[in-house]
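Single-letter residue listing:
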Amino acid sequence: MDINNFPPPFIPLSPILDDGYWAKPHQHKTPSIFDAQYKLNTTSGRAALSIALELCQVTSAHNVLVPSYHCESMVSPALRLTSSVFFYKVNKDTSPDIKDISEKINKQTKAILVTHFFGFTQDLSDIKQLCDKHNIFLIEDCAHAFFGETTSKPVGTVGDYAIASTMKFFPVLDGGILASDKHDVSTITLNKPTLPFQLKSAINSFEKAISFKRLGKRGTFLNLLLSVKNNLWNSIKRSVSGSEKLTSVPGSSEGGFGLDENWINVHSTYFSKQIITRANYSSICSKRQHNYKVLHNALKDLPGCEPLFESSPDGVTPLVYPLKFDNPDLHFSALKEKGVPIWRFGEYLDEQITPEEFPISCELSKTIFQFPCHQSLTQDELDWMITTIKETIKS
Ligand SMILES: Cc1ncc(COP(=O)(O)O)c(C=O)c1O
């Protein structure tokens with residue numbers, strides 16, 4: 001089967017809108033990046049990172065240190081400012097290799113990006129000390145860790161700036177956060193999202209919920225309304241030239257990793273902001289922790305597989321369940337053909353990342369698959385995923 005031609009996932013890869021999001025905004029007691037004093041809502045994590053690097057005054061005279069285990073959207077914001085990107089090694093548990101970072105720091109180093117991979121927060125004490133000593137900006141990449149604590153503080157409040165990707169934790173089409181406990185980023189002026197983008201953002205979340213049958217009888221009614229809307233819209237598109245611009249959304253919302261200049265200085269949509277404020281954080285965290293444990297107990301001893309993390313410590317809100325495969329090429333296709341949703345973070349690394357210099361990152365990139373453990377999965381969906389993974393491996 002063509003690698004780009006797998007059937008759609010049989011169960012949702014990311015969170016889905018359900019009845020839990022219509023309550024009054026919650027008083028959040030769960031530690032999260034929202035605890036930072038200053039916040040700015042952007043369209044994506046990469047947009048937030050682009051603005052953070054601008055605020056650090058990164059130019060072509062500088063270099064930025066980025067993990068060698070990465071995706072394009074963690075690198076392109078620095079390249080956009082024509083700075084050099086130096087990659088540093090990560091350890092087997094994805095923590096930053098402090099020795100390698102120390103060796104790579106030079107007078108031109110302006111900022112270091114540290115990623116809390118898969119929701120497992122990193123201890124930032126040593127890196128913070130290094131940054132303070134050399135007058136370097138520390139940027140916390142919380143794209144995988146909206147919730148949790150690091151170095152005894154809420155995630156995202158230790159560094160100079162932090163970024164989040166809200167699409168990964170909430171049922172929204174768009175959204176990123178630039179946060180800081182030290183610098184007032186809330187006053188930065190961004191453009192308002194256009195009305196078509198606002199509408200598309202809300203409609204998309206409903207469409208996804210309906211397609212996974214999450215809205216009960218209301219879903220059937222909404223589905224009818226949406227099919228009328230789709231028919232109308234398709235006929236407008238056929239008759240009006242240039243109408244495709246009206247429906248455009250950031251590439252980040254469609255699963256792309258590129259950085260689009262046009263979406264950097266735009267606020268996230270009203271719908272996305274509402275969902276994030278109304279979400280019940282403690283319920284999201286406990287459901288994710290529970291689902292992670294269920295997956296871990298079921299899959300940890302599978303032959304040919306090994307969990308990336310031995311356990312999920314208290315206080316960690318996992319993004320996904322990362323599992324290492326001895327035979328990734330064979331199993332990836334087999335699982336995708338059956339509709340199992342899989343993320344492959346860091347599948348395509350920068351060409352500077354060679355197995356000779358960065359053996360661990362190359363191995364993580366090739367062998368680790370991530371399975372969803374988000375709050376919207378039902379017990380039946382979890383059971384189906386576990387059974388399908390087990391059967392695929394055994395066969
Ligand atoms: C670790 C990490 N940082 C940053 C980003 C960028 O986030 P966004 O997709 O919201 O632009 C991603 C995206 O997947 C990511 O995985």
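It should be emphasised that the depicted structure is a prediction, and the values quoted were computed from it without experimental measurement.

**Q** How should I be thinking about the site of the ligand in this particular structure?
**A** What surrounds the ligand is a group of 15 residues, the closest being Gly45, Arg46, Asp141, His144 and Ser165. Asp141 is positioned such that a nitrogen or oxygen atom in its side chain is 2.8 Å from a nitrogen atom of the ligand. Between Ser165 and the ligand, the recorded distance is 2.6 Å, taken from a side-chain N or O atom to an oxygen atom. Computed on the free molecule, the ligand has an accessible area of 380 Å², of which 97% lies beneath the protein chains in the complex. Going through the elements one at a time, helix H1 (45-55) and helix H2 (72-80) are the ones with two or more residues in the shell around the ligand. Broken down by class, the residue content of the shell around the ligand amounts to six nonpolar, six polar and three charged.

**Q** Would you explain the sheet that holds strand E11 (residues 320-325) in this entry?
**A** Pairing between sheet strands relies on hydrogen bonds along the backbone, with the strands arranged either parallel or antiparallel. The strand order across the open sheet built from three strands is E10-E11-E12, with neighbouring strands paired in antiparallel fashion. Of all the strands in the sheet, just strand E10 (305-307) and strand E12 (368-372) have a single pairing partner and so form its edges. Between one strand axis and the next, the sheet turns through 35 degrees on average, direction left out of account. Of the strand pairs in this sheet, E11 and E12 are connected by five bridges, and their pairing is antiparallel. The residue bridging Pro322 from the neighbouring strand is Gln370, located in E12. Along the sheet, helix H8 (residues 281-299) makes contact with E10, E11 and E12, crossing E11 at roughly 20 degrees. Most of the contacts of helix H10 (residues 359-367) go to E12, to which it runs at about 45 degrees, and overall it touches E11 and E12.

**Q** I would appreciate a short explanation of the state of the cysteines in the present structure.
**A** In protein structure, a disulfide is the covalent linkage between the sulfur atoms of two cysteines. Inspection of the entire model under this criterion finds zero disulfides. Between Cys362, a free cysteine, and Cys71, which holds the nearest cysteine sulfur, the sulfur-to-sulfur gap is 16 Å.

**Q** Sorry if this is basic, but what is going on with the sheet that holds strand E9 (residues 176-180) here?
**A** Pairing within the open sheet is mixed, and its seven strands lie in the order E1-E9-E8-E5-E4-E2-E3. Looking at strand neighbours, the two that pair on one side only are strand E1 (38-42) and strand E3 (84-88), the edges of this open sheet. Strand-to-strand, the axes of this sheet are offset by a mean angle of 20 degrees, without reference to chain direction. Taken strand by strand, H1 contacts E1, strand E2 (63-67), strand E4 (109-115), strand E5 (137-141), strand E8 (161-165) and E9, and its axis lies near 165 degrees from that of E8.

**Q** Where do I start with the domain arrangement of the protein in this structure?
**A** Frequently, the measure chosen for interface size is the accessible area removed from exposure when the parts meet. When the domains of the protein are assigned, the result is domain 1 (19-180), domain 2 (195-258) and domain 3 (281-394). Listed by partner, the interface residues are 14 residues for domain 1 and 14 residues for domain 2. Taken over both partners, the interface formed by domain 1 and domain 2 buries close to 1100 Å², and the fraction arising from carbon and sulfur atoms is 54%. Applying the counting rule to domain 1 against domain 2 returns zero salt bridges. At three residues, H2 tops the list of elements feeding residues into the side of domain 1 that touches domain 2. Split by residue class, the side of domain 1 that touches domain 2 holds six nonpolar, four polar and four charged.

**Q** Just to check I follow, could you spell out the packing of helix H9 (residues 328-337) against helix H11 (residues 379-394) for this structure?
**A** The description of two helices packed together rests on the angle between their axes and the distance between the axes. Where H9 contacts H11, the axes come no closer than 10 Å and their chain directions differ by 135 degrees. Judged by the angle between their axes, H9 and H11 are oblique. Judged by the twist between their axes, the crossing of H9 over H11 is right-handed. Listed contacts from H11 to His331, Ala334 and Leu335 of H9 are Thr388, Ile389, Thr392 and Ile393. Split by residue class, the contact of H9 with H11 holds four nonpolar, three polar and no charged.

**Q** Is there a simple way to think about unusual backbone geometry in this case?
**A** Leaving glycine out, the prevailing phi sign among residues is negative, and the prevailing peptide bond configuration is trans. A positive phi angle, near 60 degrees, is found at Phe118, a position not held by glycine. By secondary structure assignment, the location of Phe118 is in the loop between E4 and helix H4 (125-134). Positive phi values are uncommon outside glycine, yet Asn135 reaches one of about 60 degrees. In this fold, Asn135 is placed in the loop between H4 and E5. In this structure Asn135 comes out as exposed when scored by relative accessible area, which is 70%.

Conventions adopted
- Residues numbered from 1 in each chain as written.
- Predicted model: local features only at pLDDT ≥ 70, side-chain atom pairs only at ≥ 80, totals over all residues.
- Heavy atoms only, no water.
- Near = heavy atom within 4 Å.
- Polar contact = N/O pair within 3.5 Å; in protein donor to acceptor, adjacent residues only side chain to side chain.
- Areas by Shrake-Rupley, 256 points an atom, 1.4 Å probe, with all protein chains shown as cover.
- Helix = DSSP H or I, 4+ residues; strand = E, 2+ residues; numbered from the N terminus.
- Nonpolar A, V, L, I, M, F, W, Y, C, P; charged D, E, K, R; others polar.
- Pairing = 2+ DSSP bridges.
- Axes fitted to C-alpha atoms, helices over the stretch in contact; angles between N-to-C directions.
- Contact = heavy atoms within 4.5 Å.
- Disulfide = S-S within 2.5 Å.
- Domains from an automatic or database assignment.
- Buried area = accessible area lost by both parts, 1.4 Å probe.
- Salt bridge = Lys/Arg side-chain N within 4 Å of Asp/Glu carboxyl O.
- Parallel < 35°, antiparallel > 145°, perpendicular 65-115°, else oblique.
- Left-handed = near helix turned anticlockwise from the far one by under 90°.
- Buried < 20%, exposed > 50% of the residue type's maximum accessible area, 1.4 Å probe, protein only.

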